[in-house]
Amino acid sequence: MVQEQVTGRGIKDPRVPEAMRKVPREFFVESALASRAYDDGPLPIGDKQTISQPYMVGLMTESLELKGDEKVLEVGTGSGYQTAVLGLLAAQVFSIEKIRPLSVRARAVLDELHYYNVALHVGDGTIGWSDHAPYDAIIVTAGAPNIPRPLLDQLAPEGRLVIPLGDEESQVLKRIRRTESGFQEESLGECRFVKLWGKYGWAD
Ligand code: SAM
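Bear in mind that the values here come from a model prediction, so they are computed numbers and not experimental data. (Residues numbered from 1 in each chain as written. Predicted model: local features only at pLDDT ≥ 70, side-chain atom pairs only at ≥ 80, totals over all residues. Heavy atoms only, no water.)

Q: Any chance you could explain the pairing of strand β6 (residues 135–140) here in plain terms?
A: Look at any regular strand and the pattern is simple: side chains alternate between the two faces of the sheet. The buried fraction of β6 is high, at 5 of 6 residues. Bridging between strand β3 (residues 71–75) and β6 involves 4 bridges; their strand directions are parallel. Counterpart to Glu74 in the pairing with β6 is Ile139. (Buried < 20%, exposed > 50% of the residue type's maximum accessible area, 1.4 Å probe, protein only. Helix = DSSP H or I, 4+ residues; strand = E, 2+ residues; numbered from the N terminus. Pairing = 2+ DSSP bridges.)

Laid out in structure tokens, this is it:
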């Protein structure tokens, strides 16, 4: 999976495929879908949500430019797979999920696999998690209509926010960097995610 779908498609930071090789993706999908865990696409994880396509996990992770000592906020824990990859590449990961049963299941799998630098929270990630801010990197794994202002506010100087922005059908993956003079925005390509629901996302 990693060679064909991640390295083979242009993910250059060697730490990203190295981390993805270490995380057993089949633990994060329902047992009936274990044989498809390494397929080239998203898979259902219950509650109408999905585990993201491996390539998209690689691209978003690389875009955060992690070196290993960062504090990262993830919005949209989902299965916990992306959380586990981040746990291997950063010092501390804080991850928020809106749907409690998904967060509970993710916690059980992350504990089973000994990811102890990851804290999970159930709530609306569009308001961020101010208790642990500022974050060196923030990743949003659901599609937003606009950039939630609290996430910009919780970004450290030189911090990176990676977020799919667009309408319900398709989005553009954006990276926003906090600089001395404000925020710089780059487009990283088209993508398609489930909706980011919440106060600063789509209306519930
Ligand atoms: N990164 C996940 C993985 O590896 O399995 C995939 C996440 S899935 C594409 C998007 C997740 O975002 C869903 O689990 C959904 O419930 C969650 N979500 C949507 N709106 C949210 C919000 N406001 N706060 C937190 N989580 C939210």
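Q: Looking at this structure, I do not really get the packing of helix α2 (residues 15–22) against helix α4 (residues 81–89). What am I missing?
A: Geometry of a packed helix pair, given as the angle between the helix axes and the separation of the axes. Orientation of α2 relative to α4, taken along the N-to-C sense of each, is 125 degrees, at an axis distance of 9 Å. Classified by the interaxial angle, the pair formed by α2 and α4 is oblique. The interaxial crossing formed by α2 with α4 has right-handed handedness. Taking contact as the criterion, the partners of Arg15, Val16, Ala19, Met20 and Lys22 in α2 are, on α4, Tyr81, Val85, Leu88 and Leu89. Class assignment for the residues of the contact of α2 with α4 results in 7 nonpolar, no polar and 2 charged. (Axes fitted to C-alpha atoms, helices over the stretch in contact; angles between N-to-C directions. Parallel < 35°, antiparallel > 145°, perpendicular 65-115°, else oblique. Left-handed = near helix turned anticlockwise from the far one by under 90°. Contact = heavy atoms within 4.5 Å. Nonpolar A, V, L, I, M, F, W, Y, C, P; charged D, E, K, R; others polar.)

Q: What am I meant to see in the pattern of salt bridges here?
A: Close approach of charged atoms allows side chains with opposite charge to pair. If you walk through the whole model with that rule in mind, you get 13 salt bridges. The partner of Glu65 in a salt bridge is Arg175, and the shortest N-O contact between them spans 3.3 Å. A residue pair is termed long-range when its members are at least 10 positions apart, and Glu65 in the loop between α3 (54–63) and β3 and Arg175 in strand β8 (residues 171–179) qualify at 110 residues. Look at Glu65 and you get partly exposed, because its relative accessible area is 28%. Taking the shortest distance from any N to any O, the salt bridge between Arg175 and Glu186 comes out at 2.9 Å. Taken together, the residues Arg175 in strand β8 and Glu186 in strand β9 (residues 182–191) connect sequence positions 11 residues apart. (Salt bridge = Lys/Arg side-chain N within 4 Å of Asp/Glu carboxyl O.)

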